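Residues per chain, in single letters:
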Amino acid sequence: MELTERQLRILQAIITDYVKNAEPVGSRSIAKKYELGVSPATIRNEMADLEDLGYLTHPHTSAGRVPSDKAYRLYVNSLMSKPELSEQAKKAINERMQVDLSEFDETIRHAASLLSEITKLASFAMTPATNLDTLKFIRLLPVDESTIVLMIVSDSGNVTNTSLHTDAPYTPESLEIISKSMTYRYNGHTLDEVLRHTIIDDCSSDIETMGALAGSVMPNFMKTLEDMLNVNLYLEGLTNIFNIPEYNSMDRARSFLELVDRKEQFTRDMLERGDGLIVTIGEENTDTAMKDCSLITATYHVDGKLIGKIGVIGPTRMDYGGITSIMEYLTNNLSRSFMLGSGNRKDK
C-alpha cells in the first residue's frame, strides 16, 4: 500500500524530529513545529495508520511514536535530501586530506579520523584485498652497509616500504640493477601471479646470476607482497557512542564495542558489501549484533579501480542525508587526490 502525500509529509516530519531530539514524537509537537496544514487530531489519526502499516512504533513508556527500520528505509530511498556541505566543512576536508602516495595507509587512517570527527559517530576506513592489483615498479634504496629499503608501488597507488637486513655486500649500482631487473620482470603482473610463482619461476636464472644480494632480497619481496594482500582496517571514534542516547545502557555500549572488536569478521562483512554508497538499516544488517545499528559505506577509486571503503556505524536514528553528503564529498576528494597524486608520480 502506497502512502498518501500527507502521510509521507507527516512521516518525514517525525523522522526529522526524532533524529534531532532522540525523543518519541507526539502529534501536538509535530503540529507546532512543522507547517503540515492539518490539526493535531488529524496527525494523530495518520500516525495510528502509519503504526498499523509498520512505519512507526509505540514505546510503552511514552505517548509518542518513533520511526521503525521500515520508515528509515523509505526515508533513505525516497524522502531524504542531501544538504550541500558548508564551505567550512569543505575547506576542512580539502585542507586536511592532502594525499601523499608514499603514506597511503596513513592517509586512509586520517580519512577515517576526519569522518568520525565531522559526524560524531564511529567510523572506519579500509583498503581492500589487492590480489588483482598490478605491480608498477620496485626500488631498492641504500640505508647503511647492512640495511636497504625495498619499495613496491602498485598501479592502484599503494606504496609499501620495507626495511630489510642483508649480509651481502652491495653498491648503489648493484641495487639499481636489481631494481630495474625486478621492475622489468614484474611490471604489469598481479600480486597473485607473482605469489603463485608463475613469474618467479621465469626469472630464477636471472636471480642466480645476480648473486647473494638478490637471494636475500627475494624472500623479503615475497613476504611484502603477502602483506600487501592483507586488508588494513582502521577504526576511529569508538568512544563517540557514549555521547549517543541509544548507547547510554552499558550493555548496549558493550555489545557495540564487542562488535567492532571482532575485526576479522567485521572486515569480511565489509568486503562483501558492493561498490558505491550503501546504507543498511537495523535488521538489514547480516550481523545480529548490528540489528540496532545503521551502517553507511562508500568507496573511493583511482582510474575507475576500487581502492578502498570508508564508512560510519551508529544508531538507526542518524542524519542519513547529512552523513551521506559528507561521505560522498570525502570519497570524491580521496579519489581525485589519489588520481592527481598518481599522475604526479607518473610525471616524475
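Residues numbered from 1 in each chain as written. Predicted model: local features only at pLDDT ≥ 70, side-chain atom pairs only at ≥ 80, totals over all residues. Heavy atoms only, no water.

**Student:** Residues and numbers for the overall build of the protein, please.
**Tutor:** The secondary structure content of the protein amounts to 13 helices and ten strands. Sequence-distant contacts in the protein: of pairs separated by 6 or more residues, those separated by 24 or more amount to 62%. Split by element, the accessible area of the protein, about 17300 Å² in all, is 49% carbon and sulfur. (Helix = DSSP H or I, 4+ residues; strand = E, 2+ residues; numbered from the N terminus. Contact = heavy atoms within 4.5 Å. Areas by Shrake-Rupley, 256 points an atom, 1.4 Å probe, with all protein chains shown as cover.)

**Student:** Give a detailed account of the pattern of salt bridges, specifying residues and quantitative values.
**Tutor:** Enumeration according to the criterion identifies nine salt bridges in this entry. For K33, the salt bridge is made with D17, and the minimal N-O distance between the two is 3.0 Å. Residue K33 is located in helix α2 (residues 27–33), and its partner D17 is located in helix α1 (residues 5–21); the two are separated by 16 residues in the primary sequence. E284 serves as the salt-bridge partner of R73, at 2.7 Å between the closest nitrogen and oxygen. Here R73, found in helix α4 (residues 69–79), pairs with E284, found in the loop between β8 (278–281) and β9 (293–302); they are 211 residues apart in sequence, far enough to count as distant. (Salt bridge = Lys/Arg side-chain N within 4 Å of Asp/Glu carboxyl O.)

**Student:** Tell me what's going on with the pairing of strand β4 (residues 135–144), and back it up with residues and numbers.
**Tutor:** In terms of strand pairing, β4 meets strand β5 (residues 147–154) through eight bridges, oriented antiparallel. Counterpart to D144 in the pairing with β5 is T147. (Pairing = 2+ DSSP bridges.)

**Student:** Lay out the nonpolar core with the relevant residues and their values.
**Tutor:** The biggest cluster of nonpolar side chains holds 68 residues, and the ones touching the most others in it are L11, F124, I296, I310, I313, Y320 and M327. In terms of residue count, α1 provides more of this core than any other element does, seven residues in total. Sequence-distant contacts of Y320, that is, excluding residues within four places in its chain, are made with Y72, Y75, V76, M80, V279, I281, S294 and I296. One finds M182, Y186, V194 and M218 within the second-largest nonpolar core, a separate group that totals 23 residues. (Core = buried A, V, L, I, M, F, W, Y, C linked by side-chain atoms within 4.5 Å. Buried < 20%, exposed > 50% of the residue type's maximum accessible area, 1.4 Å probe, protein only.)

**Student:** Could you give me a rundown of unusual backbone geometry, with the residues and numbers involved?
**Tutor:** Even without a glycine there, the phi angle at A22 is positive, about 60°. Take A22: it is sitting in the loop between α1 and α2.

**Student:** Could you give an account of the sheet that holds β5, with specific residues and numbers?
**Tutor:** Taken in spatial order, the three strands line up as β4-β5-β6 in an open sheet, and their pairing is antiparallel. Looking at the sheet topology across the chains shown, the edges are occupied by β4 and β6 (159–165). Ignoring which end each strand starts from, the neighbouring axes of this sheet average 20° apart. Across seven bridges, β5 lies against β6 in antiparallel orientation. Paired with L150 across the two strands is T162, which belongs to β6. Sheet contacts for helix α7 (residues 172–186): β4 and β5; angle to β4, the most-contacted strand, approximately 165°. (Axes fitted to C-alpha atoms, helices over the stretch in contact; angles between N-to-C directions.)

**Student:** Describe α1, and please don't skip the residues or the numbers.
**Tutor:** Taking 1.5 Å per residue, 17 residues should reach 24 Å; α1 reaches 24 Å between its end C-alpha atoms and fits that length. Three or more residues of α1 are buried, namely Q7, I10, L11, A13, I14, I15, D17, Y18 and V19. The elements touched by buried residues of α1 are α2, α3 (40–52), β1 (56–57), β2 (66–67) and α4. Downstream of α1 by a residue or two, A22 has a phi angle that is positive, lying close to 60°. (Expected span 1.5 Å × (residues − 1).)

**Student:** For the packing of α1 against α4, give the residues involved together with the corresponding values.
**Tutor:** With their axes 11 Å apart at the nearest point, α1 and α4 run at an angle of 110° to one another. Comparing the axis directions of α1 and α4 gives the class roughly perpendicular. Along the contact surface, α1 presents L8, L11, Q12, I15, Y18 and V19, while α4 presents A71, Y72, L74, Y75 and L79. A class-by-class count of the residues in the contact of α1 with α4 yields ten nonpolar, one polar and no charged. (Parallel < 35°, antiparallel > 145°, perpendicular 65-115°, else oblique. Nonpolar A, V, L, I, M, F, W, Y, C, P; charged D, E, K, R; others polar.)

**Student:** Quick one: what's the story with the packing of aromatic side chains, residue by residue and with numbers?
**Tutor:** Each aromatic ring pair is characterised by the separation of its centres together with the angle its planes make. Applying the stated rule across the entire model yields three aromatic pairs. Look at Y72 and Y320: their rings are 5.7 Å apart centre to centre, the planes differ by 50°, and that puts the pair in the tilted class. Here Y320 lies in helix α13 (residues 320–347) and Y72 lies in helix α4, a separation of 248 residues in the sequence. The burial state of Y72 is the same as that of Y320; both residues are buried. Considering the side-chain rings of F124 and F266, the 5.1 Å spacing of their centres and the 85° angle between planes classify their relative orientation as edge-to-face. Of the two residues, F124 sits in strand β3 (residues 122–127) while F266 sits in helix α12 (residues 263–272), which places them 142 residues apart along the sequence. Like F266, F124 is buried. The ring of Y55 has K70 lying over it, and the distance from NZ or CZ to the ring centre is 4.5 Å. (Phe/Tyr/Trp six-rings, centres within 6.5 Å; stacked < 30°, edge-to-face > 60°. Lys NZ or Arg CZ within 6 Å of the ring centre and 35° of its normal.)

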